[in-house]
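Per-entry structural report
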There are 2 protein chains.
Amino acid sequence: MPTRPQIRAHVGDVLRSKREERGLTQEKLGFAGNLHRNYVGSVERGERNISVEALERWLAVLDLRWADFGRAVDAKTRKSKR
Amino acid sequence: MPTRPQIRAHVGDVLRSKREERGLTQEKLGFAGNLHRNYVGSVERGERNISVEALERWLAVLDLRWADFGRAVDAKTRKSKR
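Residues numbered from 1 in each chain as written. Chains lettered and ligands numbered in written order. Predicted model: local features only at pLDDT ≥ 70, side-chain atom pairs only at ≥ 80, totals over all residues. Heavy atoms only, no water.

1. Looking at the overall build of chain A
The helix and strand inventory of chain A stands at five helices and zero strands. Counting helices and strands in the order they occur from the N terminus, chain A gives α-α-α-α-α. For chain A, the C-alpha radius of gyration of 12 Å lies close to 12 Å, the compact-globule estimate for 82 residues. Viewed in the frame of its principal axes, chain A has a C-alpha envelope of about 40 × 20 × 20 Å. In chain A, once contacts between residues fewer than 6 apart in sequence are set aside, the share between residues at least 24 apart is 60%. As presented, chain A carries roughly 4,300 Å² of accessible surface, and 46% of it is formed by carbon and sulfur atoms. Positive and negative side-chain charges of chain A, numbering 18 and 11 respectively, have mean locations separated by a distance of 4 Å. (Helix = DSSP H or I, 4+ residues; strand = E, 2+ residues; numbered from the N terminus. Rg over C-alpha atoms; globule rule 2.2 N^0.38 Å. Contact = heavy atoms within 4.5 Å. Areas by Shrake-Rupley, 256 points an atom, 1.4 Å probe, with all protein chains shown as cover. Lys, Arg positive; Asp, Glu negative; His and termini not counted. Charge placed at Lys NZ, Arg CZ, Asp CG, Glu CD.)

2. Thoughts on the confidence of the model for chain A
The predicted model of chain A has a mean per-residue pLDDT of 90, with 91% of residues at 70 or higher. For this predicted complex, the interface confidence score (ipTM) comes to 0.87, while the overall pTM stands at 0.88. (pLDDT = per-residue confidence, 0-100.)

3. Description of the packing of aromatic side chains
A ring pair, where both rings are aromatic, is described by two values, the distance of the centres and the angle of the planes. Residue and element names in this part refer to chain A. Applying the stated rule across the entire model yields six aromatic pairs over all chains. Considering the side-chain rings of W66 and F69, the 6.1 Å spacing of their centres and the 80° angle between planes classify their relative orientation as edge-to-face. With a gap of three residues between them, W66 and F69 both fall in helix α5 (residues 66-81), about one helical turn apart. The two residues W66 and F69 agree in class, both being buried. (Phe/Tyr/Trp six-rings, centres within 6.5 Å; stacked < 30°, edge-to-face > 60°. Buried < 20%, exposed > 50% of the residue type's maximum accessible area, 1.4 Å probe, protein only.)

4. Observations regarding the relation of the copies chain B and chain A
You can overlay chain B on chain A at an RMSD of 0.0 Å; the transform is a turn of 180° with a shift of 0.0 Å along its axis. Here the two chains are linked by the operation of a two-fold rotation axis. Of every C-alpha in chain B, the one belonging to S51 of chain B sits nearest the axis of rotation, 1.9 Å from it. Residue by residue, 100% of the interface of chain B is reproduced at the interface of chain A, so both copies engage with the same surface. (Least-squares fit on C-alpha atoms with pLDDT ≥ 70 in both.)

5. Looking at the side chain of D74 of chain B
By the element assignment, D74 of chain B lies in helix α5 (residues 66-81). Here D74 of chain B is buried and forms no salt bridge, its nearest opposite-charge partner R65 of chain A lying at an N-O distance of 4.7 Å. Excluding anything up to four places from it in sequence, D74 of chain B contacts R65, W66 and A67 of chain A. (Salt bridge = Lys/Arg side-chain N within 4 Å of Asp/Glu carboxyl O.)

6. Overview of the interface of chain B and chain A
It is common to give the size of an interface as the accessible area that goes away when the parts come together. Listed as interface residues are 26 residues of chain B and, on the opposing side, 26 residues of chain A. Summing both partners gives a buried area of about 2,500 Å² for chain B against chain A, and 60% of it is carried by carbon and sulfur. For the pair chain B and chain A, the interface holds two salt bridges. Between R8 of chain A and E53 of chain B there is a salt bridge, and its shortest N-O distance comes to 3.2 Å. Our count for the contact surface shared by chain B and chain A stands at 14 residue pairs in polar contact (both at pLDDT 80 or more). A class-by-class count of the residues in the side of chain B that touches chain A yields 16 nonpolar, three polar and seven charged. (Buried area = accessible area lost by both parts, 1.4 Å probe. Polar contact = N/O pair within 3.5 Å; in protein donor to acceptor, adjacent residues only side chain to side chain. Nonpolar A, V, L, I, M, F, W, Y, C, P; charged D, E, K, R; others polar.)

7. Digging into helix α4 (residues 52-62) of chain A
All names here are of chain A. Counting buried positions along α4 yields nine of eleven residues, so the element is predominantly enclosed. Buried residues of α4: V52, A54, L55, E56, W58, L59, A60, V61 and L62, and no others. Downstream of α4 by one or two residues, D63 has phi in the positive range, about 55°.

Here it is, written out as structure tokens:
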């Protein structure tokens, strides 16, 4: 079984970069997704183990499909193995 | 913001069908991924809000990339909107 470390950090990096691409602040994203601003920051820093329900709301605010999210996470994982 | 209901059920359906494609029992998947068999069943039935860390271990056992998982979840979501 392959080890895929640092998933929380990779997820946080992906969510942060997608938010920034869309020109959203953490406050705006939190408001639109009913997610507390502090929670948004801690997930983006890889401190929290986000659930699929919270992630679903988050992706909806970012107008991002799960497939797009998954591709970005896979890309992070590959980079970390170099 | 688009509503994408029933994410837990869709995730559970995807994980169950991928496990069955691989010919794995819930017991074998749980053992390989360090996930309790009862937990495996409840996630597959959409009763649990799985986190990205648990999902990461799960996908590793299924030898599934996040992008593949994401595409399958998106396909479920589209079907449910018909």
